[in-house]
Structures are given as structure tokens and as C-alpha cells.
Amino acid sequence: MAVCYKKLWKMLIDKDMIKKDLRLQTGFSTTTMSKLSKDENVSMDVIEKICTVLNCDVGDIMEFVPDKKEEQ
């Protein structure tokens, strides 16, 4: 299973925010933001901080999707 953060990016659009706004409000490094942009794994501390700042639940910002090789 792979992680997908498309819901996070949609939520930022809905809240009239950009990635830089999220980075500044959470105090994340550009490296962490890059990992999120590339749908890479991040720590639960990162997920918790995003949920706190955006006042949402984990399922509101991410989802697990099957790996392409698992679909075959």
C-alpha cells in the first residue's frame, strides 16, 4: 500500500492556503514538505501537526492506495 496526500492539497485549496502557508504554520522544513508532495511516508508527528493546524482528522488529509504491482 502506498500513501496519497491528494486530500491534503485539496483541503489547502478549500481553505485558500498554499503549501508555504502550511509549512510556516507547522514549522516543517522544506524537506518534509517535499516528502508530502512526493507522496512519501512521513512520521505520525508530522501527520498530527497537520491535523492540529487544519483542525481535521487523519482521513481528511491522506489515504492509502494499492501499489500498482498489487493491482495486477
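Please refer to the structure higher up on the page.
Heads up: these notes are all about the structure in this document. (Residues numbered from 1 in each chain as written. Predicted model: local features only at pLDDT ≥ 70, side-chain atom pairs only at ≥ 80, totals over all residues. Heavy atoms only, no water.)

## Let's talk about the overall build of the chain
Thinking step 1. Each helix and strand in the chain was counted, giving six helices and two strands.
Thinking step 2. Along its sequence from the N terminus, the chain presents helices and strands in the succession β-α-α-α-α-α-β-α.
Thinking step 3. In terms of overall size, the chain behaves like a compact globule, its C-alpha atoms giving a radius of gyration of 12 Å where 72 residues would be expected to give roughly 11 Å.
Thinking step 4. Dimensions of the chain along its principal axes, counting C-alpha atoms only, are 40 × 25 × 20 Å.
Thinking step 5. Split into buried and exposed, the 72 residues of the chain put 32% on the buried side.
Thinking step 6. Within the chain, contacts between residues at least 6 apart in sequence are counted, and of these 64% link residues at least 24 apart.
Thinking step 7. Accessible area for the chain stands at about 5000 Å²; split by element, carbon and sulfur atoms hold 50% of it.
Thinking step 8. Where the 12 positive side-chain charges of the chain centre and where its 13 negative ones centre are 6 Å apart. (Helix = DSSP H or I, 4+ residues; strand = E, 2+ residues; numbered from the N terminus. Rg over C-alpha atoms; globule rule 2.2 N^0.38 Å. Buried < 20%, exposed > 50% of the residue type's maximum accessible area, 1.4 Å probe, protein only. Contact = heavy atoms within 4.5 Å. Areas by Shrake-Rupley, 256 points an atom, 1.4 Å probe, with all protein chains shown as cover. Lys, Arg positive; Asp, Glu negative; His and termini not counted. Charge placed at Lys NZ, Arg CZ, Asp CG, Glu CD.)

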